[in-house]
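# Observations on the model geometry
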Amino acid sequence: ATKGDTSILIPADVVANRYYHDKPFSFHASFETRIENRGPKTIKAFVVEYIPYFLLPKFAQISVLLDGQKISNYTLEIEYKEHEFYLLRFTVNIHSNSVLSVLTPTEKLLQTFENYPHDPYRGFDLISHPLVYQILGDSQTHLIRFENNLMTIVPQPDLSMPFNIICVTMAIYGYVFLNIFSLFVKRTKSII
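Right, let's walk through the structure included here.

The biggest cluster of nonpolar side chains holds 32 residues, and the ones touching the most others in it are Ile35, Ala45 and Leu100. Of all elements in the fold, only β3 (14–22), β4 (28–37), β5 (43–52), β7 (63–66), β10 (85–94), β11 (98–108), β12 (124–126) and β13 (131–135) reach the threshold of two or more residues within this core. Tallying contributions element by element places β10 first for this core, with 5 residues. When sequence neighbours within four positions are dropped, the list of residues in contact with Leu100 reads Thr33, Arg34, Ile35, Val64, Leu65, Leu66, Ile71, Val92 and Ile94.

Here is the structure:
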């Protein structure tokens, strides 16, 4: 799992970490946002997951866990922009001294040849996003900023294949052309 460090802006009672669980070149992965409320009051957290177009969220498998127990009293808003991103917004209350985990499983999609970057083995950046929360009974909102972006490697076809095909084809054409050329240009010995 890859971990994003956090920098906490006031107060320090809420700690958040972001993880991305995947195996290189596999088709399955999942996001995890873990929020720990160490304070004495319940907070209302607004968790946002930005999922790029090459990852397909499995909506039926999304789970929100509070202290390891699956809960259903949260709201989820989904924004989708075709060929760009999914934006998932979770709103959930976290009791004092509790840990919330939001697990979002995804499936990695193969891209068309043109959509891979120049160096696809470097991976794709997964943009970090802030966690906004509010202490219940307080009108002030607080922000935790995730410092590091996460990164994933998307499965890909053998991108050297067009080069290999061109080399083999040109070698065959060259062999055939040189043989035909040598038949017409070859001097015959005249016997006198």
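Moving on to the pattern of salt bridges. Counted according to the given criterion, the structure contains 7 salt bridges. In this structure, Glu32 engages Arg34 in a salt bridge whose closest nitrogen and oxygen atoms are separated by 2.7 Å. Judged by relative accessible area, which is 32%, Arg34 ranks as partly exposed. A salt bridge links Glu79 to Arg89, with the shortest nitrogen-to-oxygen separation between them at 2.8 Å. Linking Glu79 in strand β9 (residues 75–81) with Arg89 in strand β10, this pair joins segments that are 10 residues apart in sequence. Residue Arg89 is classed as partly exposed on the basis of its relative accessible area, which comes to 29%.

What follows covers unusual backbone geometry. With a phi close to 55 degrees, Asp67 is a non-glycine residue in the positive phi region. When you line up the elements, Asp67 lands in the loop between β7 and β8 (69–70). The backbone of His83 sits at a positive phi, close to 60 degrees, despite the residue not being glycine. Mapped onto the fold, His83 is located in the loop between β9 and β10. The exposure class assigned to His83 is exposed, which follows from its relative accessible area of 63%.

Thresholds, definitions, all that
- Residues numbered from 1 in each chain as written.
- Predicted model: local features only at pLDDT ≥ 70, side-chain atom pairs only at ≥ 80, totals over all residues.
- Heavy atoms only, no water.
- Core = buried A, V, L, I, M, F, W, Y, C linked by side-chain atoms within 4.5 Å.
- Buried < 20%, exposed > 50% of the residue type's maximum accessible area, 1.4 Å probe, protein only.
- Helix = DSSP H or I, 4+ residues; strand = E, 2+ residues; numbered from the N terminus.
- Contact = heavy atoms within 4.5 Å.
- Salt bridge = Lys/Arg side-chain N within 4 Å of Asp/Glu carboxyl O.

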